[in-house]
Amino acid sequence: MKNKVIELSGDKSLSHRALMLSAISKGVSKIGNLCDGLDVLSTISCLRRCGVLIQKKEEIYYVISEKFINPSQNLNCGNSGTTIRLLIGLLAGQGISATLYGDESLMKRPMDRIINPIRKMGANIEFKNKKIHLNKSQLIGGNILNQTSSAQVKSAIIMAALGAINKTNLRESHESRDHTEIMIKQLSQNCLNMAGRNIIVNPSTLKSRYFHLPGDISKASFLIAYACLSAASGVTFKNLLINPSRMGFLRILKKMGANLLIHNKRLLNGELVGNITVEPAGRLKNIQINSSDVINMIDEIPILAVMASFSKGTMIVNGVSELRLKESDRVHSIIYNLNRMRGDARAVSDKIIVRGKKSMYNTSIKTFSDHRIAMSFYIASLLSHGKATFDNLNCINISFPNFFEKIDEIRL
Ligand code: S3P
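All figures in this text were calculated on a predicted structure; none of them were measured in a lab.

J.: I keep staring at the state of the cysteines and nothing clicks. Help me out?
T.: By definition, a disulfide links the sulfur atoms of two cysteine residues through a covalent bond. In total, this model carries zero disulfides according to the counting rule given. Here C50 stays unpaired: no disulfide links it, and the sulfur of C46, its closest cysteine neighbor, is 7.1 Å away. Of the residues examined, C50 reaches a relative accessible area of 1% and is grouped as buried.

As structure tokens, then:
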């Protein structure tokens, strides 16, 4: 049978960072293969309101920034946690006054983890009436300890530190995805000094460049799961981001017995990129997952839990408390839907326990308007008996507008 080749739009985490860092770089920046999801459009629209010129010509985004201005309207960050959190840091560092808000789900998510460290660096921020009010201030930098296991928090602090008068010494108690650090190193040689979990940010001028973004490994995870579960033969994903801090899901799938080959590895703008081929491997075997693995696959736990329901044995995922703070309470959303499909899933303290079943049965699925829950259970529905209905599949546009086309490329 013919090998199927799938290419995906750029990684969402990289897309937000490329736009924001280009917005404070000197000169004209260019970005190719930007993520086409609504979250990234939220970042573009907020930056434009702050005076950043962003134009798209023949699939390339041009970003030109002369001077940030105080936006005349409130900044709507939609559903995007990365937009609001990283922008708080970026705009605080640029001495901007602005009000930021988002949809109901976003404004329920914790913001203190960002506000507290950035206040400590000298920012004047208030969170009231479901909006974040940033008042003009000059950041001073200083010593910051981040005890939250979150790349968004780390990145917001680094973005803020880029505009401080003095250097910032950031100590991290957990590791998390390192895209902000990698990208800044591409834009300035002496801005960051890193030693283990210590990052020193020396405010310096960033120089614009061209970023061609690799395909999104988190989007690919849904398709890889579908290829494994449906025993589709020879599906190759080309030019995917394979940064080790994002590879937890694939490492676990290999341990479960999946037949995955990572090849053609190379560096693109400092990020590791490669091709991934999925071949059939029979029914997978559930395993136990440690909390230290969860951080490297935080966005893939919903699809992993779906996979566990179709695999042999019992999966235990430890350390899932951060999942309760995502676009929905994902521990609840996962367990609710798996059990409605006559699966066997439960939460015990900060663990999710899923027992594999021979068959799953379609029903009415509740997406909780969470894009990753919608995609995970759409894939579950393709492999289950009967007919499924969904309360909201539009939320998939948040990250992956052509999800259905890509599923068809594997199916047909
Ligand atoms: C992201 C970090 C993760 C992830 C989110 C994107 C990022 O969130 O869940 O989808 O781009 O930095 P946390 O930092 O809250 O873990």
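The structure having been displayed, the exposition proceeds.
J.: Looking at this model, I keep getting lost on the sheet that holds strand β9 (residues 131-135). Mind explaining?
T.: Adjacent strands of a sheet pair through backbone hydrogen bonds, lying either parallel or antiparallel. Pairing within the open sheet is mixed, and its four strands lie in the order β6-β7-β9-β8. The two strands at the open ends of the sheet, each matched to only one other strand, are β6 (75-76) and β8 (124-128). In this structure, β8 lies alongside β9, joined through five bridges in antiparallel fashion. Opposite E126, over in β9, you have H133 as the bridge partner. Helix α5 (residues 112-120) contacts β8 and β9 of the sheet and is inclined by roughly 155 degrees relative to β8.

J.: Mind showing me how you'd approach the side chain of S328 here?
T.: Take S328: it is sitting in the loop between β20 (314-317) and α12 (330-340). Within the structure, the side chain of S328 is placed 2.7 Å from the side chain of S333, a separation counted as a polar contact. One polar contact links S328 to D370, side chain to side chain, over a distance of 2.8 Å. In this view, S328 contacts L323, S333, F368, D370 and I373; residues no more than four positions away in its chain are not counted.

J.: What's the story with the environment of L284 in this structure? I'm lost.
T.: With respect to the element layout, L284 can be found in the loop between β18 (271-279) and β19 (288-289). The class of L284 is buried, set by a relative accessible area of 4%. With 26 residues separating them along the chain, L284 and A258 place their C-alpha atoms 6.6 Å apart. Excluding anything up to four places from it in sequence, L284 contacts M256, G257, A258, M307, S311 and K312.

J.: Looking at this model, I keep getting lost on the site of the ligand. Mind explaining?
T.: Taken together, S13, R17, T82, S150, A151, Q152, R177, I298, D299, K326 and R372 make up all the residues around the ligand. A151 places a polar main-chain atom, nitrogen or oxygen, 3.0 Å from an oxygen atom of the ligand. Protein contact buries 96% of the 380 Å² of open area that the ligand shows by itself. With respect to the pocket detection grid, the ligand is positioned in the largest cavity. Contributing elements (two or more residues each) for the shell around the ligand: α1 (12-23) and α6 (151-161). Looking at side-chain class alone, the shell around the ligand contains two nonpolar, four polar and five charged residues.

J.: Honestly, the pattern of salt bridges in this entry has me stumped. Any pointers?
T.: If charged atoms from side chains of opposite charge come close, those side chains can pair. All chains considered together, the criterion is met by 19 salt bridges. R113 serves as the salt-bridge partner of E322, at 2.9 Å between the closest nitrogen and oxygen. Of this pair, E322 sits in the loop between β20 and α12 while R113 sits in helix α5, and the two are 209 residues apart along the sequence. Overall, the relative accessible area of 22% leaves E322 in the partly exposed class. When the shortest N-O distance is used, the salt bridge between R324 and D329 registers 3.0 Å.

J.: Help me understand the packing of α1 against helix α2 (residues 38-49) in this model?
T.: Geometry of a packed helix pair, given as the angle between the helix axes and the separation of the axes. Where α1 contacts α2, the two axes come as close as 9 Å, and the packing angle between them is 10 degrees. With respect to their mutual orientation, α1 and α2 come out roughly parallel. Here K12, S15, H16, L19, M20 and A23 of α1 lie close against α2, whose contacting residues are D39, V40, T43, I44 and L47. Here the contact of α1 with α2 is built from residues that sort into six nonpolar, three polar and two charged.

J.: Teacher, can you tell me more about the layout of surface pockets here?
T.: A probe matching the size of a water molecule, rolled over the atoms, marks out where space remains unfilled. Counted as a void, the largest pocket has a volume near 350 Å³. Along its surface, the largest pocket is lined by 16 residues, and A23, I24, E66, F68 and Q94 are the ones closest to its centre. The residue inventory of the lining of the largest pocket, partitioned by class, reads seven nonpolar, six polar and three charged. Considering only enclosed or pocket space, the second largest pocket measures out at about 250 Å³ in volume. Tallied by class, the residues present in the lining of the second largest pocket amount to three nonpolar, six polar and seven charged.

About the thresholds
- Residues numbered from 1 in each chain as written.
- Predicted model: local features only at pLDDT ≥ 70, side-chain atom pairs only at ≥ 80, totals over all residues.
- Heavy atoms only, no water.
- Disulfide = S-S within 2.5 Å.
- Buried < 20%, exposed > 50% of the residue type's maximum accessible area, 1.4 Å probe, protein only.
- Pairing = 2+ DSSP bridges.
- Helix = DSSP H or I, 4+ residues; strand = E, 2+ residues; numbered from the N terminus.
- Contact = heavy atoms within 4.5 Å.
- Axes fitted to C-alpha atoms, helices over the stretch in contact; angles between N-to-C directions.
- Polar contact = N/O pair within 3.5 Å; in protein donor to acceptor, adjacent residues only side chain to side chain.
- Near = heavy atom within 4 Å.
- Areas by Shrake-Rupley, 256 points an atom, 1.4 Å probe, with all protein chains shown as cover.
- 1 Å grid on protein atoms, 1.4 Å probe; cavity = no way out; pocket = protein on both sides within 12 Å on 5 of 7 lines; lining within 4 Å.
- Sits in = over half its atoms within 2 Å of the grid points.
- Nonpolar A, V, L, I, M, F, W, Y, C, P; charged D, E, K, R; others polar.
- Salt bridge = Lys/Arg side-chain N within 4 Å of Asp/Glu carboxyl O.
- Parallel < 35°, antiparallel > 145°, perpendicular 65-115°, else oblique.
- Points joined across faces, edges and corners; volume = space filled by probe spheres on them.

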